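Structure at a glance
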Amino acid sequence: MEQGLTHSVAAPRLSAAARRRQLREKAVAGFITLMAFTGIAALVLIIVFVAKEALTLFTDADARHEASLSKMFLPQEGRYPFRWQPVSDTPKVSMIPLFVGTLKITLVSMLVAVPMGIFSALFVAEFAPRRLRELLKPVIELLAGIPSVVLGFFALMVLSPMVKSLFHLDRPLNGTLAGLALALAIVPVIFTVSEDALTAVPRSYREASLALGATLWETAWKVVLPAAAPGILAACVLGFGRAIGETMIVLMASGNADLVSWNLGDSARSLSATIAAEMGEVVVGSPHYSLLFFIGVELFIFTFVLNMVASTWTKKVLQRLTGSAS
Amino acid sequence: MKYTTRRAVGLGLTGLTALAAFFIVGMLALILLDVARNGARHLSWAFLTQPPSDGMMAGGIFPAIFGTAALTLLMTLAVMPVGVLTAVYLHEYAPPESRFARWVRVAVVNLAGVPSIVFGLFGLGFFILFVGGNLDRLLGYEEMHWAQPSILWASLTLAVLTLPVVIVSTEEALRAVPLEQRTASLALGATQSQTLARVVLPGALPGILTGAVLAISRGAGEVAPILFTGAAYFLPDLPTQLNSQFMHLGYHTYVMATQSPNVTEASGPLYATVLVLLALTFALNLVAVIIRTRTRRKAASAH
């Protein structure tokens, strides 16, 4: 029956103008699709061209001798088994101090930013009166609009003396200072994503909990927060990724010494800051140059994995909540 | 536990969350006030319009303001068409359940998470060495002409960095345009591209402009991607050609703050520079946030 219907309608004969219009529509659609390809192309080009410059480390015999994988990651002989001194008579290229420095600074910032971000998201999403919420949300998000170089500058000029006297540290620039300044940069990320996850929890959850006699706090803490948990975890993972890659704050506030020390008062050197500090003076094509690109590849992979994890979790929370709500 | 004690504990913990929220607001206020107070002292018309002199201690920062403005202008010209059209594809043209559209979304999300310093490496490896190097060879330049750090390559690097910002904002703006307007236009016989150009895009214009403002604010403040793609600490001349280097407010701040022999002496012009940079990026952000909050409220009440 249906087939008969479609058969009985003959294809309309198109005028030349209409055919031209159809052609133009197709061209526009094709052009727009082509433009959409840019995002994918950019991501692919980034990894290809950063990796391409790093590849010399493995193909060039000279570079392989100076910066082999074992020299990068295993302890070396001598008084200091792990050193990052790529510009010296005998270059030392251990990446362990950079990993330790990055992790140390990132952990400090996460320890501060995660509770701050989640708590303020809870307040804004669950407890604040409507008008206050509409004011607080954009204001906290504005913190993300401050350039990181300004945060680094603020750490240098204002926070540094404060942190030094507060924690009785020897050095004005250290891991704690960098971590605290970094926390300022990632709090808005954690806040925004957590707040979105909390707001996505259906109202019926809250109403059911309150009707059973739970207090507002118990509802928020034991019902809404667990329901939004994957989204909040995603927020933390995103914040972690941002913290690992953040450059200017760490470069300006950490002191940049290649120490393998978990002491928070010591100065620290991060992966990103190392690229920023050394790329300016490096000889193009030298092992040191490839080494910096290699660090870039590492950073790209870390953040890529963290991003994928975070977006999977965010999707999961949305699916679960909208699925069970309907 | 009695209900009253549970309530009291709850109220105390609620207070703690309020404290966290207001602490963040307090830090923001502290940063802004500190920069505004110390920066305003050194700010003058001459500071804004004169080149630096006497080893950056005297004179102004006009070349840095000019360089930042030129850089972000070029970046906006590059990123807006691509970003807006990508969002148009995702929201208007992509067939539902399209695998390509899903890949584009994944790429955009990941692009937003790539550290800014990696964008700097990308700019150096791709734009300067690969594109610039090949351009020089093709056009027959004997010495380096395009294969060197320049304002063009720096702005293109920033354009790639801000692409996700534009795409996300534009898509949000397209979503706010009611479906009825599209169907009405199509029902009147307009083609899809006519509907797009005369109905959908004008309707989404405020949101698209918000995206542009956010991208400019982000691009103007980023320093890591331009460290080795074009920024210079001191240049006597303004950048007049696409392949010249440029001074930049953020880079200026970084070098002055970390490499001045005497930071306390330099703190006057330094604070004033930061104030100008913040005024640029932060004011733009404020505008974007206000527009966005308003459109969101309007969209929420429309549904």
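Residues numbered from 1 in each chain as written. Chains lettered and ligands numbered in written order. Predicted model: local features only at pLDDT ≥ 70, side-chain atom pairs only at ≥ 80, totals over all residues. Heavy atoms only, no water.

The axes of two packed helices give the description: the angle between them and the distance between them. All names here are of chain B. Taken N-terminus to C-terminus, the directions of helix H3 (residues 62-93) and helix H6 (residues 151-176) make an angle of 40 degrees; their axes are 6 Å apart at the nearest point. In terms of orientation, H3 and H6 fall into the oblique class. Here H3 runs over H6; the crossing is right-handed. The residue inventory of the contact of H3 with H6, partitioned by class, reads 21 nonpolar, seven polar and three charged. (Axes fitted to C-alpha atoms, helices over the stretch in contact; angles between N-to-C directions. Helix = DSSP H or I, 4+ residues; strand = E, 2+ residues; numbered from the N terminus. Parallel < 35°, antiparallel > 145°, perpendicular 65-115°, else oblique. Left-handed = near helix turned anticlockwise from the far one by under 90°. Nonpolar A, V, L, I, M, F, W, Y, C, P; charged D, E, K, R; others polar.)

Per the counting criterion, the structure on display carries 22 aromatic pairs over all chains. Taking the centre distance of 6.4 Å and the plane angle of 75 degrees together, the rings of Phe119 of chain A and Trp221 of chain A count as edge-to-face. Of this pair, Phe119 of chain A sits in helix H6 (residues 96-127) while Trp221 of chain A sits in helix H11 (residues 216-227), placing them 102 residues apart in sequence. Phe119 of chain A gets classed as buried once you look at its relative accessible area, which sits at 19%. A connected cluster of aromatic rings, assembled from ring pairs, spans Phe49 of chain A together with Phe122, Phe126, Phe127, Phe130, Trp146 and Trp153 of chain B. (Phe/Tyr/Trp six-rings, centres within 6.5 Å; stacked < 30°, edge-to-face > 60°. Buried < 20%, exposed > 50% of the residue type's maximum accessible area, 1.4 Å probe, protein only.)

Let us now look at the pattern of salt bridges. For the structure on display, the rule yields 15 salt bridges over all chains. A salt bridge links Arg130 of chain A to Glu134 of chain A, with the nearest nitrogen and oxygen atoms 3.3 Å apart. Placement of both Arg130 of chain A and Glu134 of chain A in helix H7 (residues 130-142) is noted, with a separation of four residues, approximately one turn of the helix. A salt bridge links Glu218 of chain A to Arg6 of chain B; its shortest N-O distance comes to 2.8 Å. Separated into two different chains, Glu218 of chain A in helix H11 and Arg6 of chain B in helix H1 (residues 3-42) make up a pair that spans both. Taking the relative accessible area as the measure of exposure, Glu218 of chain A reaches 15% and is therefore buried. Among the charged side chains, a network of salt bridges with common partners joins Lys137, Glu141, Glu195 and Asp196 of chain A. (Salt bridge = Lys/Arg side-chain N within 4 Å of Asp/Glu carboxyl O.)

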